[in-house]
Amino acid sequence: MQEKILVFDSSIGYAKYFEKIFKKKYEVASAFDFNDLRKVDLFHYDTIIFIINELEEVKLFSKIHSSYKGIRLFLGVTQNKIAANVYELNLQNIYNINFELNKTDMVDYINSKLKQEIA
């Protein structure tokens, strides 16, 4: 069965890019705001790529992290001032996306982790 990936990105840019790249191998859906996210069953997905652009999204990601065990989580934080709020949560078992990398290297990093089994 094909792995299912959900990409959340309120700025839309990374979500569209990741969707375009990953849809060649995976079933991919995107959510661009809280309303989109409420419409999907998160348990349907094997992997969630969550891009945090605003402080309000930190709480949402924290809730997803604590509630949805068995889902592989990738986290990207686009602004350093928000990153401090995320890292003080001390979240475990998350793959952090480094935004200092170019998009090709980000995709390579995500692909390398997607090849690993879900814990």
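As the structure is a prediction and not an experimental result, all values here were calculated from the model. (Residues numbered from 1 in each chain as written. Predicted model: local features only at pLDDT ≥ 70, side-chain atom pairs only at ≥ 80, totals over all residues. Heavy atoms only, no water.)

### Topic: the overall build of the protein
Next, step 1: Counting its regular elements, the protein contains five helices and five strands.
Next, step 2: Going from the N terminus to the C terminus, the protein shows its helices and strands as β-α-β-α-β-α-β-α-β-α.
Next, step 3: In summary, the protein has a C-alpha radius of gyration of 13 Å against a globular reference of 14 Å for 119 residues, a match within 12%.
Next, step 4: Taken along the three principal axes of its C-alpha coordinates, the protein extends 35 × 30 × 25 Å.
Next, step 5: Out of the 119 residues in the protein, the part that is buried amounts to 41%.
Next, step 6: Counted over contacts in the protein with a minimum sequence separation of 6, partners at least 24 positions apart contribute 62%.
Next, step 7: For the protein, the accessible surface area stands at approximately 7000 Å², while carbon and sulfur atoms represent 48% of it.
Next, step 8: Positive and negative side-chain charges in the protein, numbering 16 and 16 respectively, have mean positions lying 3 Å apart. (Helix = DSSP H or I, 4+ residues; strand = E, 2+ residues; numbered from the N terminus. Rg over C-alpha atoms; globule rule 2.2 N^0.38 Å. Buried < 20%, exposed > 50% of the residue type's maximum accessible area, 1.4 Å probe, protein only. Contact = heavy atoms within 4.5 Å. Areas by Shrake-Rupley, 256 points an atom, 1.4 Å probe, with all protein chains shown as cover. Lys, Arg positive; Asp, Glu negative; His and termini not counted. Charge placed at Lys NZ, Arg CZ, Asp CG, Glu CD.)

### Some words on the pairing of strand 2 (residues 27–31)
Next, step 1: Pairing of strand 1 (residues 4–9) with strand 2, which is carried by five bridges, proceeds in the parallel orientation. Along strand 2, the bridge assignment pairs Phe8 with Ala31.
Next, step 2: For the segment spanning strand 1, helix 1 (residues 13–22) and strand 2, crossover handedness is right-handed. (Pairing = 2+ DSSP bridges. Right-handed = clockwise from strand over helix to strand, strands pointing away.)

### Notes on the environment of Lys39
Next, step 1: With respect to the element layout, Lys39 can be found in the loop between helix 2 (34–38) and strand 3 (47–52).
Next, step 2: Lys39 gets classed as exposed once you look at its relative accessible area, which sits at 69%.
Next, step 3: Counting along the chain gives 32 residues from Lys39 to Ile71, while the straight-line C-alpha distance between them is 18 Å.

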